[in-house]
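# Chain and residue survey
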Amino acid sequence: MSSEKKRRPAFRLSKYLDSLSYPVGTAMSINFKRLGRDMDLLFLEEPAEFYRLLIEVYSGDEESAIFFLRLLAGSLTEKTGLYVDPVEFAEAVKKGDKAKLHRILEAVTRAQRP
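Note that the structure is predicted; figures quoted are calculated from it, not measured.

Reading guide: rules and limits
- Residues numbered from 1 in each chain as written.
- Predicted model: local features only at pLDDT ≥ 70, side-chain atom pairs only at ≥ 80, totals over all residues.
- Heavy atoms only, no water.
- Helix = DSSP H or I, 4+ residues; strand = E, 2+ residues; numbered from the N terminus.
- Rg over C-alpha atoms; globule rule 2.2 N^0.38 Å.
- Buried < 20%, exposed > 50% of the residue type's maximum accessible area, 1.4 Å probe, protein only.
- Areas by Shrake-Rupley, 256 points an atom, 1.4 Å probe, with all protein chains shown as cover.
- Lys, Arg positive; Asp, Glu negative; His and termini not counted.
- Charge placed at Lys NZ, Arg CZ, Asp CG, Glu CD.
- Core = buried A, V, L, I, M, F, W, Y, C linked by side-chain atoms within 4.5 Å.
- Axes fitted to C-alpha atoms, helices over the stretch in contact; angles between N-to-C directions.
- Parallel < 35°, antiparallel > 145°, perpendicular 65-115°, else oblique.
- Left-handed = near helix turned anticlockwise from the far one by under 90°.
- Contact = heavy atoms within 4.5 Å.
- Nonpolar A, V, L, I, M, F, W, Y, C, P; charged D, E, K, R; others polar.

What follows concerns the overall build of the chain. Along the chain, the regular secondary structure elements total eight helices and zero strands. Reading the helices (α) and strands (β) of the chain from amino to carboxyl end gives α-α-α-α-α-α-α-α. Taken against the 2.2 N^0.38 rule, which gives 13 Å for 114 residues, the C-alpha radius of gyration of the chain at 13 Å falls within 12% of a compact globule. Of all 114 residues assigned to the chain, the portion counted as buried reaches 38%. Carbon and sulfur atoms form 52% of the exposed surface of the chain, whose accessible area is close to 6,600 Å². Averaging the coordinates of the 19 positive side-chain charges in the chain and doing the same for the 17 negative ones gives two points 7 Å apart.

Attention shifts here to the nonpolar core. Of all hydrophobic cores here, the largest spans 29 residues; its most connected members are Phe-43, Phe-50, Leu-69, Leu-72, Leu-76 and Phe-89. Among the elements that line this core, the one with the most residues is helix 6 (residues 62-80), at six residues.

Where helix 5 (residues 47-57) contacts helix 6, the axes come no closer than 8 Å and their chain directions differ by 120°. The angle between the axes of helix 5 and helix 6 places the two elements in the oblique class. Helix-helix and strand crossings are classified by hand; for helix 5 and helix 6 the assignment is right-handed. Residues Phe-50, Tyr-51, Leu-54 and Ile-55 of helix 5 form the contact with helix 6, whose own contacting residues are Glu-62, Ala-65, Ile-66, Phe-68 and Leu-69. For the contact of helix 5 with helix 6, the residue count by class is eight nonpolar, no polar and one charged.

The subject of this paragraph is the environment of Leu-41. Within the secondary structure, Leu-41 is located in helix 4 (residues 39-45). Distance from Leu-41 to Val-93, taken between C-alpha atoms, is 13 Å for residues 52 residues apart in sequence.

This is how it looks when you write it as C-alpha cells:
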C-alpha cells in the first residue's frame, strides 16, 4: 500500500451526506455511478473531476455545484466545531487541490473522534 493511500482521510462523502439527510448521499452516489464513477473515491482522489461531474449532476448549473460544496463545508463546521472555510473548500475541490482537500478532511475526521 502506498504512503498516499495510507494518508487518505477516512471520509466517505456518501455516508456523511446520508448522516445529514438520508438518502441524499445514496442518491448522489447513484447519479455518479450512472456517469460511470464512484463518488466517494472520485471526491478523494480526483476532486476536479468530481467537481466537473457534480456540475453534470446538477444539469450543468455550476452555481448549484458551488453552493453544494459551500453548504458541505458549513455542515462540516457545524458537526465538528472546526471552522472549514466554505469558499476555500469549494475552491480546493474545483481546482483539484487534493493535498488541501485531504488536509481539511483529515482535520475534520480527527475532530469527529471522541
